[in-house]
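So the chains spell out like this:
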Amino acid sequence: MNMALNASIHRKEAWDKVCGRAKYADDLPAADHLCARLLTSTRAHARILGIDTAGASALPGVKAVLTGEDCDLLFGPLLQDRYALARGVARYAGEPVAMVVAVDEPAAEAAARRIAIEYEDLPPLLTPSQAMLPNAAPIHEKLADYKRVVSDVRPEPGTNVAARHRVRKGDAKAAFARCAAVIEKRFFLPPSDHLAMEVRAARAEIAADGNVLVTTCSQAPYTVKKQLAEAFKIEAGMITVRVPFVGGGFGGKAPVTLEILAYLASKSVGGRPVRLTIPREQDMASFPCRMGLEATVRLGADENGMLQAAEMEFLVDCGAYTDISPNMAKAIAADCTGPYRVENLSCDALCVYTNHTYATSFRSFSHDSYTFCVERALDALANRLGFDPLELRLKNAVRPGDFTPTGVPATPELTGDVSRCIEEVKRLSCWDGGRPLSLGGSKVRAKGVSCFWKSANPPTNAVSGAFVTFNSDGSVNLLTGVVEMGSGGHTQLAQILAEKLKLDPAQVHVVAHVDTRVAPEHWKTVASLTGYMAGNAVLRAADDLIAQLKRTGAEALGCAEAEIEVADGRVYSIKEPERFMLLKAVAQGYQTPGGASVGEPALGRGGYMLKGLSMLDPATGKGRTSPQWTPGAQVVEVEADLEACTYRVITACCVLDVGKVVNPAATRAMIAGGMSMGVSLATREAYEYDENGSPRAPNLRTYKLLHIGQEPEYRVDFVETPDPTAPCGARPYTEHGIIGIPAALANALSAAFGCALDGLPLRPEAIRRAIGGAP
Amino acid sequence: MVRYEGKTVLRLRVNGEEREVLARPSDVLMDVLRDQLGLTGAKPGCRNGDCGACTIVVDGWPNKSCLMLAVEAEGHDIVTVEGLGGMSAEQRAFVEADAFQCGYCTSGFLMVCHAMLTQHPQMPEELVIEEWLQSNLCRCTCYAEIREAVLRMYGTGKSS
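Residues numbered from 1 in each chain as written. Chains lettered and ligands numbered in written order. Predicted model: local features only at pLDDT ≥ 70, side-chain atom pairs only at ≥ 80, totals over all residues. Heavy atoms only, no water.

### Focus: the side chain of Lys253(A)
Residues and elements named next belong to chain A.
1) Next: With respect to the secondary-structure elements, Lys253 resides in the loop between β13 (239–243) and α7 (258–268).
2) Next: At a separation of 2.9 Å, a polar atom in the side chain of Lys253 contacts the main-chain carbonyl oxygen of Glu198.
3) Next: Side-chain polar atoms of Lys253 contact the backbone oxygen of Gly248, separated by 2.8 Å.
4) Next: Discounting residues that sit within four places of it in the chain, Lys253 has contacts with Ala196, Glu198, Arg200, Cys217, Ser218, Gln219, Ala220, Val246, Gly247 and Gly248. (Helix = DSSP H or I, 4+ residues; strand = E, 2+ residues; numbered from the N terminus. Polar contact = N/O pair within 3.5 Å; in protein donor to acceptor, adjacent residues only side chain to side chain. Contact = heavy atoms within 4.5 Å.)

So, in structure tokens, the structure goes:
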């Protein structure tokens, strides 16, 4: 084995990031750019009776004022239900209503303040269950007319249901009748924010010949190109999307949002370059957030604790527009049981409109949310039956021969080793049965466990690609469409390439920024699929490169191609290794000592397309959405004060079946980072709305994130069950640290306080309410 | 007392160099550093003093450049991440400890560490370190790597 795998190398872009040289979208020079600013709705649900822009247009320096009347196109990746600027109706507080383009920011801001909007309030619907009531007015009156971009989104006109996914397996009703214990629980999880440290920003310009240049902080530059091309009837080849470093995405930068507005802004001023920036407050209230969820989970088990039946209803609060939420409902349906054998199952996962800020993908694509519900219900079941909650999970863990909710047969290669994850986390956390330990006085310590699995929901035809070229020193340049937003994709791909070419990873240079006219398409940098999809493309590019080197090498050495080996910077015949040529002497075509030229420059290219995935059957959910599953188990330990209703998170443990560890330090850091996000989310984060549906103070002063000094000790360990279809056998892992943390924390606190904590966030006032005290 | 009206030429001492910028009395230092001097290491994460991504060092102390007016900076010694040189103890420690992922908060954390090293040449106790670093937020890491970087900066980390 080469030195590239199982090596904790530093990030490729490390020195750029510590020197302030790493450029993010809004760091690029903008002296020639006009400035665009947005005016957003102050009402959660209102008819827009009129917008007076005269005062704004008259101000000096103002170049254009746009409203919904200036663009009648509808946008949306799955269901086209959203205008770029609200037309006729504003459906959430924070919805962009008008946009000003001016010579500089002070002029744009002053003009935005001079726009007068007349609203007529409509009753807001602020929870999915409220929006599901029979008398609830549909938030989208023209739901039937919206274009469905994909065939498996089926909105239900006349209601607020934007999509519905069903899973039916066995006979849940009959199975419940046989159960010794049945648990039913209701859950309410509020929306929250991605809170990437970099606020979203985008720029656009349109050249005289019609070429469009967009610079943005997107996780999905190729989707930006595609959506702009389709919506505005521009040939896709005329559009270039550039993405420099991205300051955190977590799914929040996957949808196409600011790019559309920046394009419209540039178009309104004759194609001049326009820079659209938004304050943090708009980033939170106006642009998509993490979904809320309401759920009912019913589980039944026999007297031995074996799960017999499950019945579940999930109402995804997608907010005012669908964006990618129908797919998150699908993701819930596909994995709804968690990594357990449940043969009798009925699950409905609905995507429901409300007058909240619309939602989009968030780290783990809904798995953190439904896992919370299932894992809380499992603890309740363990309590009822008198079982150790960890042992109950181990008994029911998915094993070879079982099936996923959508009927995919579980195998170690496909679904990993859930049981070993549970056994290893038991050891790592010093699990002691799950009973709270009194520390004297009002203090107790308690642990909670949660298992999880995650699969992906890419389009069945998602693609990736890679190009590799040589430098004169024999080092290589790697070019992909993968965005570097912190998830370490570039470094992982460099290691995969170095391993295959038998080079030192330091000899792999990665093109840091994405330019859609230069780099081959990579579907999106989402779903933890970079290592899998782009990794497979990189392997193919390496194979292509090696084949070319062998061809040139064989010709130069006068032997068969099959005898040629490429390793350690050399090209040689395995029969006569002492007769070698330096890789750098062959890479650009070989020149013999006599001056004759042999072969040609080696240029590696690799394309990859997902295979074997299918749509889910609308009636039963049967089908397969993901190349593989990654399972894991987590334990959180708390120290609680039973009188004060306060607590500290002491330790958080995670064991993940990552298939194969490529970079131990980076993998550990990525998983612990996800766990940290889970601790922050579960302990404090939520969007809070007033009775009119306006978010209260969407800013970092009141929306607190975990800061240093509040964090637990993190323990991370791995199980390695290789996925034979993945580069080096590595399973997706980048999002996963977050998934079970909210559930494990709620289980620990429920054990500590002797109550049922079935909501988030787990603030002291919520605990006080749950134990029956005054809030 | 100096009185500023309209756009004024300010003389700022930034990273050891005398620089001239043109600023209104209401312009915040962060925007002037970024837009006029190209020092984009200071990041506008919130423009409200909550995230710390814009932290710079003024006369040896950390300062949120989004909360400081450019006119207030005259006569003071300003250091930004670009002024750390590239091989400083802070920068090396952050690279060796892998103390960042997306990198957006990194300049701010580095500048807090730079000031801490100035004010506490010997490593202070853990609670003091936590107090110093609580002014800044990181959304990617679990903070363990940043703690490790601080230890390395003081020469007490794992293998340093």
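### A short note on the pattern of salt bridges
Residues and elements named next belong to chain A.
1) Next: With the rule as written, the count across this model stands at 57 salt bridges over all chains.
2) Next: The salt bridge involving Lys447 is made with Asp432; its shortest N-O contact spans 3.8 Å. On the criterion of sequence distance, the pair formed by Lys447 in strand β19 (residues 443–454) and Asp432 in the loop between α13 (418–428) and β18 (437–438) is long-range, its members being 15 residues apart.
3) Next: Overall, Lys447 belongs to the buried group, its relative accessible area being 10%.
4) Next: Salt bridges here are not isolated pairs; linked through shared partners, they connect Asp26, Arg37, Glu105, Glu109, Arg203 and Arg275. (Salt bridge = Lys/Arg side-chain N within 4 Å of Asp/Glu carboxyl O. Buried < 20%, exposed > 50% of the residue type's maximum accessible area, 1.4 Å probe, protein only.)

### A few points about helix α18 (residues 741–753) of chain A
Residues and elements named next belong to chain A.
1) Next: For α18, built from 13 residues, the straight-helix expectation of 18 Å at 1.5 Å per residue is met to within 8% by its first-to-last C-alpha distance of 18 Å.
2) Next: Most of α18 sits inside the fold, with 12 of its 13 residues counted as buried.
3) Next: Turning to α18, its buried residues are Ile741, Pro742, Ala743, Ala744, Leu745, Ala746, Asn747, Ala748, Leu749, Ser750, Ala752 and Phe753.
4) Next: Phi turns positive one or two residues past the end of α18, at Gly754, with a value near 65°. (Expected span 1.5 Å × (residues − 1).)

### Some thoughts on the nonpolar core
1) Next: Counting 178 residues, the largest nonpolar core has Phe314(A) and Phe94(B) as its most contacted members.
2) Next: Setting aside residues no more than four positions away along its own chain, Phe94(B) makes contact with Val18(A), Ala99(B), Phe100(B), Thr106(B), Phe109(B), Leu110(B), Cys113(B), Ile146(B) and Ala149(B).
3) Next: In terms of nonpolar packing, the next biggest core, distinct from the first, is built from 49 residues, Ala254(A), Ala456(A), Ala462(A) and Ile546(A) among them. (Core = buried A, V, L, I, M, F, W, Y, C linked by side-chain atoms within 4.5 Å.)

### A short note on the packing of aromatic side chains
1) Next: Under the criterion given, the structure shown has 15 aromatic pairs over all chains.
2) Next: Taking 4.4 Å as the distance between ring centres and 45° as the angle between the ring planes, the aromatic pair formed by Phe232(A) and Tyr263(A) counts as tilted. Taken together, the residues span a long stretch of sequence, with Phe232(A) in helix α6 (residues 221–232) and Tyr263(A) in helix α7 at a distance of 31 residues.
3) Next: Exposure remark for Tyr263(A): the relative accessible area of 6% places this residue in the buried category.
4) Next: Ring centres of Phe109(B) and Tyr143(B) lie 6.5 Å apart, and the angle between their planes is 55°; on these two criteria the pair is classed as tilted. One end of the pair, Phe109(B), is in helix α3 (residues 106–119); the other, Tyr143(B), is in the loop between α4 (126–133) and α5 (144–153), and 34 residues separate them in sequence. For the pair Phe109(B) and Tyr143(B), a shared accessibility class is recorded, and that class is buried.
5) Next: One aromatic cluster is present, formed by Tyr24(A), Phe245(A) and Tyr104(B) through successive ring pairs.
6) Next: Between Arg298(A) and the ring centre of Phe176(A), over which it is positioned, the NZ or CZ distance is 4.1 Å. (Phe/Tyr/Trp six-rings, centres within 6.5 Å; stacked < 30°, edge-to-face > 60°. Lys NZ or Arg CZ within 6 Å of the ring centre and 35° of its normal.)

### Here we look at the sheet that holds strand β9 (residues 161–169) of chain A
Residue and element names in this part refer to chain A.
1) Next: Taken in spatial order, the 5 strands of this open sheet run β9-β17-β16-β15-β10, and their pairing is mixed. Looking at the sheet topology across the chains shown, the edges are occupied by β9 and β10 (181–189). The sheet shows a mean angle of 5° between the axes of neighbouring strands, direction not considered.
2) Next: Pairing geometry for β9 and strand β17 (residues 344–353), over 8 bridges, is antiparallel. From the neighbouring strand, Val161 faces β17, where its bridge partner is Val352.
3) Next: Contacts between helix α9 (residues 325–335) and the sheet are confined to β9, β15 (292–301), β16 (307–319) and β17, with β17 contributing the most and set at about 165° to the helix. (Pairing = 2+ DSSP bridges. Axes fitted to C-alpha atoms, helices over the stretch in contact; angles between N-to-C directions.)

### Some thoughts on the pairing of strand β28 (residues 597–601) of chain A
All names here are of chain A.
1) Next: Two strands pair when backbone bridges link them, and strand β27 (residues 588–591) and β28 are joined in this way by 3 bridges, in the antiparallel orientation. Following the sheet pairing, Gln591 is matched in β28 by Ser597.
2) Next: Count of turn residues in the β27/β28 antiparallel hairpin: 5 residues, of which Gly595 carries a positive phi of about 100°.

### What about the sheet that holds strand β20 (residues 463–470) of chain A?
All names here are of chain A.
1) Next: As summarised here, the arrangement of the 4 strands in space is β22-β21-β20-β29, forming an open sheet in which the pairing is mixed. In this open sheet, the two strands that pair with only one neighbour each are β22 (508–510) and β29 (604–609). Taken pair by pair, the neighbouring strands of this sheet meet at an average axis angle of 20°, ignoring direction.
2) Next: Direction of pairing for strand β21 (residues 476–480) relative to β22: parallel, over a ladder of 3 bridges. By the bridge assignment, Leu478 is partnered in β22 with Val510.
3) Next: Across the sheet, helix α14 (residues 489–501) lies against β20, β21 and β22, angled at about 130° from β21, the strand it touches most.
4) Next: Its contacts with the sheet put helix α15 (residues 530–557) on β20, β21 and β29, and the angle it makes with β29 is roughly 145°.

### Some words on the environment of Gly38(B)
1) Next: For Gly38(B), the location among the structural elements is in the loop between α1 (29–37) and β3 (55–58).
2) Next: A relative accessible area of 37% means that Gly38(B) is categorised as partly exposed.
3) Next: What Gly38(B) contacts, discounting residues up to four positions off in sequence, is Lys23(A) and Leu33(B).

### Describing the interface of chain A and chain B
1) Next: Contacts between the two partners involve 47 residues from chain A and, on the opposite side, 43 residues from chain B.
2) Next: Buried surface at the junction of chain A and chain B, both sides included, amounts to about 3,900 Å², of which 57% is carbon and sulfur.
3) Next: Sorting the residues of chain A by area buried against chain B places Val18(A), Met197(A) and Ile708(A) first, and these three jointly supply 20% of that buried surface.
4) Next: Summed over the shared surface of chain A and chain B, the number is 5 salt bridges.
5) Next: Ionic pairing is found between Arg701(A) and Asp50(B), a salt bridge with its closest N-O pair at 2.4 Å.
6) Next: Linking chain A to chain B there are 22 residue pairs in polar contact (both at pLDDT 80 or more).
7) Next: Only α1 (14–18) and α17 (664–684) of chain A provide two or more residues apiece to the side of chain A that touches chain B.
8) Next: With 8 residues, the top contributor of residues to the side of chain A that touches chain B is α17(A). (Buried area = accessible area lost by both parts, 1.4 Å probe.)

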